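Survey of secondary and tertiary structure
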Amino acid sequence: MSFPVQGSAAVVSPERRAEILAAPGFGKHFTDHMAIATWTKGAGWHDAAVVPYGPLQLDPAAAVLHYAQEVFEGMKVYRHADGSVWSFRPEANAARLARSARRLALPEVPEQMFLEAVTSLVRADEAWVPSGGESSLYLRPFMVATEAFLGVRSAHEVKFLVIASPAGSYFTGGVKPVSIWLSQDYTRAAFGGTGSAKCGGNYAASLAAQDEAHEHGCDQVCFLDATERRYVEELGGMNLFFVHDDGTIVTPELTGTILEGITRASILELAEDLGHEVSERRVSIDEWREGVASGRITEVFACGTAAVVTPVGKLVSRDGELVHGTGGPGEVTATIRRQLLDVQYGRAQDPHGWMTRLV
Ligand code: PLP
Ligand code: COI
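Quick caveat, the model's predicted, so the values are computed rather than measured.

**Brief notes about the site of ligand 1**
The environment of ligand 1 is formed by 17 residues, the closest being Tyr203, Glu234, Ile262, Thr263 and Thr305. Between ligand 1 and the protein, one listed contact pairs an oxygen atom with a side-chain N or O atom of tyrosine 203 at 2.4 Å. Take threonine 263: an N or O atom from its side chain is 2.5 Å from an oxygen atom of ligand 1. In the complex, 96% of the free accessible area of ligand 1, which totals 380 Å², lies under the protein chains. Put simply, ligand 1 lies in the largest pocket. Of all the elements in the fold, those that place two or more residues in the shell around ligand 1 are strand 10 (232–235), helix 6 (262–273) and strand 14 (297–304). Residues belonging to the shell around ligand 1 are distributed by class as follows: six nonpolar, seven polar and four charged.

**Here's the deal with the layout of surface pockets**
Looking at the largest pocket, its volume works out to about 930 Å³. In this structure, the largest pocket is lined by 42 residues; those nearest its centre are Phe26, Arg140, Tyr170, Gly237 and Ala306. For the lining of the largest pocket, the elements supplying multiple residues, two or more each, are strand 6 (136–145), strand 7 (157–167), helix 5 (200–215), strand 10, helix 6 and strand 14. For the lining of the largest pocket, the leading source of residues is helix 5, giving five residues. Residues that form the lining of the largest pocket fall into these classes: 19 nonpolar, 16 polar and seven charged. Structurally, the lining of the largest pocket is a two-domain feature, drawing no fewer than three residues from each of domain 1 (14–167) and domain 2 (178–344).

**As for the packing of aromatic side chains**
Between two aromatic rings, the relevant description is the distance of the centres plus the angle of the planes. Taken as a whole and assessed by the stated rule, the structure comprises nine aromatic pairs. Pairing tyrosine 78 with tyrosine 345 gives two aromatic rings, centres 5.0 Å apart and planes at 75°, and the pair type is edge-to-face. Here tyrosine 345 lies in the loop between helix 8 (331–344) and strand 17 (355–357) and tyrosine 78 lies in strand 4 (residues 75–79), a separation of 267 residues in the sequence. Taking the relative accessible area as the measure of exposure, tyrosine 78 reaches 4% and is therefore buried. Directly above the ring of tyrosine 231 sits arginine 282, whose terminal nitrogen or CZ lies 4.1 Å from the centroid.

**Some words on empty space enclosed by the protein**
Under the counting rule described, the total for this entry stands at three cavities of 30 Å³ or more. What lines the largest cavity is a set of 13 residues, and nearest its centre among them are Tyr78, Phe88, Thr263, Thr305 and Gln344. In terms of residue count, the dominant contributor to the lining of the largest cavity is strand 4 (three residues). Counting contributing residues, the lining of the largest cavity receives three or more from each of domain 1 (14–167) and domain 2 (178–344).

Basis of the calculations
The numbers attached to residues start from 1 for each chain and follow its sequence in the written order. Here the convention is simple: chains get letters from A, ligands get numbers from 1, in the order in which they are written. Given that this is a predicted model, residues contribute local features only at a pLDDT of at least 70 and side-chain atom pairs are listed and counted only at 80 or more, while totals for whole chains, interfaces and linings are drawn from all residues. Side-chain numbers here rest on the full set of heavy atoms in the structure, without hydrogens or water. Proximity is defined per residue: any heavy atom of the residue falling within 4 Å of a molecule or strand makes that residue near it. Polar contacts here mean pairs of N or O atoms no more than 3.5 Å apart (in protein, one a potential hydrogen donor and the other a potential acceptor; neighbouring residues in sequence count only if both atoms are side-chain atoms). Computed with the Shrake-Rupley method and a 1.4 Å probe, the accessible areas treat only the protein chains shown as cover for residues. The definitions used throughout rest on a 1 Å grid laid over the protein atoms alone, on which a cavity is an enclosed set of points accommodating a 1.4 Å probe that cannot get out and a pocket is an open set flanked by protein within 12 Å on both sides along at least five of seven lines; lining residues are those having an atom within 4 Å of a point. Assignment to a cavity or pocket requires that more than half of a molecule's atoms be within 2 Å of the site's grid points. For the purposes of this entry, the term helix denotes a DSSP run of H or I that reaches at least four residues, the term strand denotes a run of E that reaches at least two, and both are numbered from the N terminus. Note on residue classes: Ala, Val, Leu, Ile, Met, Phe, Trp, Tyr, Cys and Pro are nonpolar, Asp, Glu, Lys and Arg are charged, and everything else, Gly too, is polar. Grid points are joined across faces, edges and corners, and a volume is the space filled by probe spheres set on the points. An automatic or database domain assignment supplies the residue ranges for each domain. Stacked, edge-to-face and tilted are the three classes for Phe, Tyr and Trp ring pairs, Trp counted by its six-membered ring, which pair at centre distances within 6.5 Å; planes under 30 degrees apart are stacked, over 60 edge-to-face, the rest tilted. We call a residue buried when its accessible area falls under 20% of the maximum for its residue type, exposed when it is over 50%, and partly exposed in between, using a 1.4 Å probe and counting protein chains only. In this analysis the charged atom, NZ for Lys or CZ for Arg, is taken to sit over a ring once it is within 6 Å of the ring centre and within 35 degrees of the ring normal.

Any functional reading would require information that these geometric values do not contain.
What follows is the structure, given as structure tokens:
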């Protein structure tokens, strides 16, 4: 399915765009266009196009506004030194969106259609792909139930959109270590729930805990498993890794309650390439605390599309503070971060074929 460019956008002036691209922040500014398609039960996907960016007209009874039938993705495209523009593992985002859609009883966007939407939008708004530093164009594909109907059932009309936002660093402090608040009252996901789906509801449910983190001076919140409140799951918007003193790299295993991060999966492969032993298994909060205290865990880092790889500087909870390392990224964290960014920005070989050229 192709996404032809339709209508003329009220294009932001080159001067204003340059100003925005010089300091884009995260998620604050949007490009001139968006990709959109509609699905109706029976007819399937239709009316695909790239149109001027702007507000959606939604009926106040649209199902998404009441029952949160919504899924989304987060991915980035990067400008390489020669001016070309590349996306990182877009098929993985397409596959995860399809899995999330199945869980939320939404229609699947076929991989080819997903890639067409992304490619057409990036080509239309190529001038918005920043260059230099660690800047990128963040893409937000998402799907919402637009049918005007208050009965509780899966919607018969749905829209799929892709919007794009130039991005600098997710954390305003740059690569400095982040502080983590351990949520002991709230959990994020339970078995059989929507934890491994990327749906808006998961994030809505995480906000009270995230606010609690901010109240305690922390950047991010860490959730424990909902059954025993003992095992480390993930952060509000990132997966976690633990580097051990024998070089092993450990990350919580996927149990159905954790988001299957594409950065997480990529780091598991990169770490092996770099000669590390990797292990996906349950990690208890006691293992985290004791490991840092005894020196067995030498580095902890968080990862995700928006945040890339970010060292964890301390863990804060009702029981006190546990400081990690000496205030900068550890050596292994820094190496993995550099290696991942070098692949994404075309400065290193791409042995796994993760990069797709768009422009
Ligand atoms: N976990 C959560 C809850 C997230 O929101 C994200 C961000 O997308 C991640 C993990 C990391 O996933 P990815 O590496 O695919 O961006
Ligand atoms: C991402 O890393 O893409 C995320 O979705 C995290 C957050 C911005 C929701």
